[in-house]
Amino acid sequence: KQWYQRRVRGSFYQELMELNPEAKVVLSVRDTPESWVKSARSTIFSRTNGIWAWLVSFTASPNMSHLSSVFKFINIRLGVSVTDPSADLVQVYKDWNSSVIETVSRDKLLVYNVKEGWGPLCEFLGVPVPDTPFPRVNSTEEFNQRARKRLRDGIFKVVGQVGGVVVAVVAGVYLASYINL
């Protein structure tokens, strides 16, 4: 348990706070740990291993191709595989939130659920509340639609590149055999 807690406590927000001691921290929370686990498992964590991870790393744009490595790093930092169905991600969520709350001073921390809208966030950041409605985006369905589109676009790109190479090789073999006749 202590090894696991050390890994959670040593994650990114602390390093960022050390670099910028005046920084404020927004801890985004869900209504329940279970709702976070359900969402994470059906979106980001479902893309971190198996054929999906291989396809993403092979076909994705440069800013997406590192995804598998990022999640391997997260697994190491948390001490648990986020893709393991038996992993107690509810406890991981609770431990993470507790660690942040215990580590960040109250005056620099906002524990925030996006369902609260602009008010608490803007007040914490010291900025006026925008006249526009608070955005409601990135549902599980929207996330998965974008992921499928990125994958499809990446596959078409690779097929186009590989197809061009195949055509060039076939043409080269044909011309070589024609010249040697």
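Please refer to the structure placed before this passage.
This write-up is about the structure you can find in this document. From a predicted model like this one, the values you see are computed outputs, not experimental measurements. (Residues numbered from 1 in each chain as written. Predicted model: local features only at pLDDT ≥ 70, side-chain atom pairs only at ≥ 80, totals over all residues. Heavy atoms only, no water.)

Some details on the nonpolar core
Then, in step 1: In terms of nonpolar packing, the biggest core is built from 10 residues, these being V37, A40, F45, L78, V80, V82, A87, L89, V90 and V92.
Then, in step 2: Elements with a minimum of two residues in this core: helix 3 (33-42) and helix 6 (89-103).
Then, in step 3: Looking at which element gives the most residues to this core, the answer is helix 6, with three residues.
Then, in step 4: With near-sequence residues (within four places) excluded, A87 lies in contact with R41, V80 and S81.
Then, in step 5: Counting eight residues, the second-largest nonpolar core is a separate cluster that includes L27, Y93, V104 and L109. (Core = buried A, V, L, I, M, F, W, Y, C linked by side-chain atoms within 4.5 Å. Buried < 20%, exposed > 50% of the residue type's maximum accessible area, 1.4 Å probe, protein only. Helix = DSSP H or I, 4+ residues; strand = E, 2+ residues; numbered from the N terminus. Contact = heavy atoms within 4.5 Å.)

A short note on the pattern of salt bridges
Then, in step 1: Scanning the entire structure with this criterion turns up one salt bridge.
Then, in step 2: The residue D31 makes a salt bridge to K115 at a minimum N-O spacing of 2.4 Å. With D31 in the loop between strand 1 (25-28) and helix 3 and K115 in the loop between strand 2 (109-112) and helix 7 (118-125), the pair connects residues that are 84 residues apart, well separated along the chain. (Salt bridge = Lys/Arg side-chain N within 4 Å of Asp/Glu carboxyl O.)

Quick word on the packing of helix 3 against helix 6
Then, in step 1: Across the interface, helix 3 lies against helix 6 with an axial gap of 9 Å and an inter-helix angle of 115 degrees. Judged by the angle between their axes, helix 3 and helix 6 are roughly perpendicular. Pair helix 3 / helix 6 crosses with right-handed handedness. Taken together, the residues of helix 6 that come into contact with helix 3 (itself represented by P33, E34, W36, V37 and R41) are L89, V90, Y93 and K94.
Then, in step 2: Of the residues contributing to the contact of helix 3 with helix 6, the split by class is six nonpolar, no polar and three charged. (Axes fitted to C-alpha atoms, helices over the stretch in contact; angles between N-to-C directions. Parallel < 35°, antiparallel > 145°, perpendicular 65-115°, else oblique. Left-handed = near helix turned anticlockwise from the far one by under 90°. Nonpolar A, V, L, I, M, F, W, Y, C, P; charged D, E, K, R; others polar.)

Concerning the layout of surface pockets
Then, in step 1: By volume, the largest pocket is sized at about 1300 Å³.
Then, in step 2: Along its surface, the largest pocket is lined by 40 residues, and S28, V29, R30, W36 and S39 are the ones closest to its centre.
Then, in step 3: For the lining of the largest pocket, the secondary-structure elements that each account for two or more residues are helix 2 (12-19), strand 1, helix 3, helix 5 (67-78), helix 6 and helix 8 (140-179).
Then, in step 4: Across the lining of the largest pocket, the residue classes tally to 24 nonpolar, 10 polar and six charged. (1 Å grid on protein atoms, 1.4 Å probe; cavity = no way out; pocket = protein on both sides within 12 Å on 5 of 7 lines; lining within 4 Å. Points joined across faces, edges and corners; volume = space filled by probe spheres on them.)

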